[in-house]
Amino acid sequence: MRFIAAIVFFVVAVVGVGLGVAQRTVWAPADRVTAELQLDTAAAVTVIDGSALNAFDGRQTVDIVGGVVAAPIPEPEPSDTPAAGATPEPTVDPEAASETDAITAAYGRTADVLAWVGPAAYTLVTYDAENGELVAESVSGFEATVPNPYGGDLWFGDYQGEGELGLTVNVPDDVSLLIVSDGTLPAPQELSITWPLDSSTPFSTILILGGVGALVVGLLFLLWALLHMRRQRGPRRKTPKMPKVPKPSRYRPTSGRTLLGRPKGRRAAQRTALVPVLLIGSMMLVACTGPGSFVAASPSPVPTDAVETPAVAVTENQLERIVSRIGATVQQADEARDTALAESRLAGPALQLRTASYAVKGKVADFAILPTIPVGDVQLTLPERLPEEGDTWPRRVFAIVQAPPTLDDAGEEVQTPPLALVLVQDDPRAQYRVHYAITVTLPEDAERPEVAPAALGAPLLPSTTPLLSVSPEQVAIGYADVLLRGEQSESFDLFQAEGDTLVEQIGAAAKAARRAALPTTAAITFSNAVGEADIFSFVTNDGGALVMLYLTESESVTPTEAGAAVNAPAAVAALAGRAQSTTGISATYGIQILFSVPPVGSDAQVVLLGYTQGLIAAREIS
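Residues numbered from 1 in each chain as written. Predicted model: local features only at pLDDT ≥ 70, side-chain atom pairs only at ≥ 80, totals over all residues. Heavy atoms only, no water.

**A short note on the overall build of the protein**
Cut-off, in case you're wondering: Helix and strand definitions follow DSSP, with helices as H or I runs of at least four residues and strands as E runs of at least two, each counted in order from the N terminus. Buried residues are those whose accessible area, probed at 1.4 Å on protein chains only, stays under 20% of the maximum for their type, while exposed residues exceed 50% and partly exposed ones sit between those limits. Contact definition: two residues touch when any of their heavy atoms are within 4.5 Å. What sets the accessible areas is the Shrake-Rupley method with a 1.4 Å probe; for residues, cover comes only from the shown protein chains.
A tally of regular secondary structure across the protein gives twelve helices and 25 strands. The 622 residues of the protein split such that 39% are buried. Long-range pairs, those at least 24 residues apart, make up 73% of the contacts in the protein between residues at least 6 apart in sequence. Counting every atom, the protein has about 35,300 Å² of accessible surface; 56% of that belongs to carbon and sulfur.

**Structural notes on empty space enclosed by the protein**
As a reminder of what qualifies: For cavity detection a 1 Å grid was placed over the protein atoms alone, and a set of points counts as a cavity when a 1.4 Å probe fits there but cannot get out; an open set counts as a pocket when protein lies on both sides within 12 Å along at least five of seven lines, with lining residues being those that have an atom within 4 Å of a point. Grid points are joined across faces, edges and corners, and a volume is the space filled by probe spheres set on the points.
Scanning all chains against the criterion turns up two cavities of 30 Å³ or more. The space that makes up the largest cavity amounts to roughly 50 Å³. Leu346, Ala350, Leu353, Arg354, Pro371, Ile373, Val434, Ala437 and Gln592 together form the lining of the largest cavity. Per-element accounting of the lining of the largest cavity gives the leading share, three residues, to helix α8 (residues 348-361).

**Points about the environment of valine 135**
Of note, valine 135 is situated in strand β8 (residues 133-139). Along the chain, valine 135 and leucine 39 lie 96 residues apart, while their C-alpha atoms are 9.2 Å from each other. With residues up to four places along the chain from it excluded, the contact list for valine 135 reads Leu37, Leu124, Val125, Thr126 and Asp128.

**Quick word on the confidence of the model for the protein**
Stated formally: A score between 0 and 100, pLDDT records how confident the predictor is in each residue.
For the protein, the mean per-residue pLDDT works out to 82, and 79% of the residues sit at or above 70. Taken element by element, the predicted model of the protein shows its lowest mean pLDDT in helix α5 (residues 265-287) (40) and its highest in strand β20 (residues 536-539) (98). Of the regions scoring below 50 in pLDDT, residues 68-99 engages in 43 contacts with residues more than four places distant in sequence or in other chains. Scored below 50 in pLDDT, residues 254-306 shows 13 contacts in the model against residues more than four places distant or in partner chains.

**Re the pattern of salt bridges**
Stated formally: One speaks of a salt bridge when a side-chain nitrogen belonging to Lys or Arg is within 4 Å of a carboxyl oxygen belonging to Asp or Glu.
Summed over the entire model, instances satisfying the criterion amount to 13 salt bridges. Among the salt bridges present, the one from aspartate 112 reaches arginine 109, with a minimum N-O distance of 3.2 Å. The class for aspartate 112 is buried, based on a relative accessible area of 1%. Here arginine 433 makes a salt bridge to aspartate 426, at a shortest N to O gap of 3.5 Å. Judged by its relative accessible area of 37%, aspartate 426 falls in the partly exposed class. Salt bridges sharing common partners tie together Asp153, Asp158, Arg325 and Arg345.

**Details of the packing of aromatic side chains**
The relation between two aromatic rings is expressed through the spacing of the ring centres and the mutual angle of the planes. Formally: Pairing of aromatic rings covers Phe, Tyr and Trp, the last counted by its six-membered ring, and requires centre-to-centre distances within 6.5 Å; plane angles under 30 degrees mean stacked, over 60 mean edge-to-face, and any other angle means tilted.
Taken as a whole and judged by the stated rule, the model has eleven aromatic pairs. When the centroid spacing of 6.0 Å and the interplanar angle of 45° are considered together, the rings of phenylalanine 398 and phenylalanine 538 count as tilted. Placement of phenylalanine 398 in strand β14 (residues 395-402) and of phenylalanine 538 in strand β20 is noted, with a sequence separation of 140 residues between them. Note on accessibility: phenylalanine 398 and phenylalanine 538 belong to one class, buried. On the numbers, 5.9 Å between centres and 90° between planes, the contact of tyrosine 436 with phenylalanine 536 is edge-to-face. Taken together, the positions of tyrosine 436 in strand β18 (residues 433-440) and phenylalanine 536 in strand β20 put the pair 100 residues apart, joining distant regions of the chain. Under the relative-accessibility criterion, tyrosine 436 is labelled buried at 0%. Site record: aromatic cluster; members linked through ring pairs are Phe56, Tyr127 and Trp195.

**Side note on helix α9 (residues 472-485)**
Stated formally: Expected span, for any helix, means 1.5 Å times one less than how many residues it has.
Taking 1.5 Å of rise per residue, the 14 residues of α9 would be expected to cover 20 Å, and the 20 Å separating its terminal C-alpha atoms lies within 8% of that figure. Every buried residue of α9 is listed here: Pro472, Val475, Ala476, Gly478, Tyr479, Ala480, Val482 and Leu483.

**Remarks on the nonpolar core**
One recurring pattern in soluble globular proteins is that nonpolar side chains are buried together. Threshold: To form a nonpolar core, buried Ala, Val, Leu, Ile, Met, Phe, Trp, Tyr and Cys residues must be joined to one another through side-chain atoms within 4.5 Å.
With 25 residues, the main nonpolar core has Leu319, Leu421, Leu423 and Val434 as its most contacted residues. For this core, the element with the highest residue contribution is helix α6 (residues 316-336), accounting for six residues.

**What about the pairing of strand β3 (residues 60-65)?**
For the record, the criterion: In this scheme, strands are said to pair when DSSP sees at least two bridges between them.
Burial along β3 is one-sided: Gln60, Val62 and Ile64 are buried, while Thr61, Asp63 and Val65, pointing the other way, are not. Strand direction decides the pairing type here: β3 and strand β10 (residues 164-169), joined by six bridges, are antiparallel. When the sheet's bridge partners are listed, valine 62 is paired in β10 with leucine 167. Pairing of β3 with strand β12 (residues 190-196), which is carried by five bridges, proceeds in the antiparallel orientation. Among the inter-strand pairings, aspartate 63 is bridged to a residue of β12, identified as serine 192.

**A look at the pairing of β12**
By the criterion of burial, β12 is predominantly enclosed, with five of the seven residues buried. Strand direction decides the pairing type here: strand β1 (residues 32-38) and β12, joined by seven bridges, are antiparallel. Bridge pairing in β12 places leucine 37 opposite leucine 191.

**Focus on a nonpolar patch on the surface**
Threshold: Distance thresholds for patches are 9 Å for like charges and 5 Å for nonpolar side chains (Val, Leu, Ile, Met, Phe, Trp, Tyr), applied to residues having over 30% relative accessible area and no salt bridge.
Among the surface-exposed residues, Phe3, Val212, Val216, Leu220, Leu223 and Leu226 lie close enough to one another that they form a single nonpolar patch of about 520 Å² accessible area. Examining the composition of the nonpolar patch, we find that five residues originate from one element, helix α4 (residues 202-232), more than from any other. Mapped onto the elements, valine 216 comes out in helix α4. Overall, valine 216 belongs to the partly exposed group, its relative accessible area being 44%.

**Some remarks on α8**
For an α-helix, the turn length of 3.6 residues means that residues three or four places apart are oriented alike. The end-to-end C-alpha distance of α8, which contains 14 residues, comes to 20 Å, matching closely the 20 Å that a straight helix rising 1.5 Å per residue would cover. Listed in full, the buried residues belonging to α8 are Pro349, Ala350, Leu351, Leu353, Arg354, Ala356, Ser357, Tyr358 and Val360.

**Section: the environment of glycine 58**
Mapped onto the elements, glycine 58 comes out in the loop between α2 (50-53) and β3. What makes glycine 58 partly exposed here is its relative accessible area of 34%. Along the chain, glycine 58 and tryptophan 195 lie 137 residues apart, while their C-alpha atoms are 6.1 Å from each other. Once you skip the residues sitting within four places of it in the chain, glycine 58 turns out to touch Asn170, Trp195 and Pro196.

**Brief notes about unusual backbone geometry**
Each neighbour pair has its own omega, and for leucine 370 with proline 371 the value is -5°, a cis peptide bond. Looking at the element boundaries, proline 371 is found in the loop between α8 and β13 (377-383). Proline 394 follows tryptophan 393 through a cis peptide bond whose omega is 0°. Phi at arginine 337 takes a positive value of approximately 50°, unusual for a residue other than glycine. Mapped onto the elements, arginine 337 comes out in the loop between α6 and α7 (339-343).

**Quick notes on the side chain of arginine 345**
Applied cut-off: Counted as a polar contact is a pair of N or O atoms within 3.5 Å, where, for protein atoms, one must be capable of donating a hydrogen and the other of accepting one, and residues adjacent in sequence contribute only when both atoms are in side chains.
Looking at the element boundaries, arginine 345 is found in the loop between α7 and α8. The class for arginine 345 is buried, based on a relative accessible area of 5%. A polar side-chain atom of arginine 345 sits 2.6 Å from a polar atom in the side chain of aspartate 153. Contact partners of arginine 345, with chain neighbours within four places excluded, come to Asp153, Ile322, Arg325, Ile326, Thr329, Val330, Gln431, Tyr432, Arg433 and Val434.

Right, here's the structure in full:
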């Protein structure tokens, strides 16, 4: 019987280990699924819809193959264009074949991708769940070419390659992938998408371990059987012994007996000890009979309704990449004093100040071009919250960037103040450009307005909004008057005077000091105005707003006596073209200002958070 038990356990071991190994080898499920598509289109753009990318769960690996394609026929002349409403299919010139290995891929929100494609013809790739394959659909358009999307600020990520391009992403349903070659030739014609599958075999481990356990038990039974057989082969006849005198029996109390059905003797105790072992073994075997036994041990989480977040202009990762690109471009433009290059990343008041600074730098070697656009840590990201459709432009973003510390002449670290930026993207194919670059002057221990997280963004208010204690337009007008007239201004009480370093620098008291310092042969006059630039107002958590506005201040110095002349500082002389004049010199300064404006109904004052001031123009008074 012991040999039979050993054989049974050996058979169980072989079967268990065999099944476990087979589940991991010959019976192992597929670990991935791939859908391939061969295109035959002349469109310069291919868009893989987010639904196709998410046909299966898991990360998406996209492989794109470029190659020999037909060159598209040039766009027809305006006189040959179709009538209004017509959408001709893109065609190719069969006699002009070109070879291109260039591949560019970028992914972003589906609404953004389609907005970037715009009126261009493209191929839309979706997934047919019924047939389990990718399908292509040609979408007509009246543009046959598009610009190269690589390096665009609109994308969450972009890639370039030659011949073949492979990329792995993990995007939701509302994100699509854009593929082009060079924007002129047809897009790559071969692509595939691979998704990982759950190829785990949890029961293989149980079967293998169970088989090993059965092998061990079988070996024990075999050893037991061998030992028992060896005892049975010993001598059967024994030397007779003299009978012993029987001893009188002793009284044994009932406590020595087994009561209430308990077993007696050592063998009965051994049989009793085997009962729980057999029960535990049977429970383990039941647990191995099917996957249903694991449901209670690892319950699935209860699904909850997903909270939809609103669409915003950019994500935090996007903005870090955008700011890095802007900083590198502006730094290159500063070194070469290249206005055209600076214009690719600057606009509005920031570009106006930069252009004037380049002109001064060309004549005054030690002139500092400020502020420096840092390639540093983005401390705050506050994108514009987009409407529900999410395909509107221009788009605006407010950010605070901290430059890394620098070393002074003594070798000690010096931390420059952070810079507040307002970036604007005019259309889907445009890059973000900095309109305002404002040095934050608020002390570190001062109270700062709280804003929404980057994932939620903030709406923008018009300059005439009634939702603030003072409309942004009136803030600009009132503060310009405060800088000119000081406490005599009717708007003086609207603004917090404590900590306002701009008033200290160029306010009414500073202007009076300037007048007093001039000789009797010269006179100076000042005038302030609201600059020609957009006012941006990002809503804060308390219902107030961060307001960026632009002022200009002009000062004119004229001689008061015949034959007298006035001298201009080096920077003013560089723009005016004269260092001395007998008629007078006028200089104009641009002032970019950041305010915190309280909500309507609040008694709080408007607080200055930062400013950037610089010379933007100068001329001789005629």
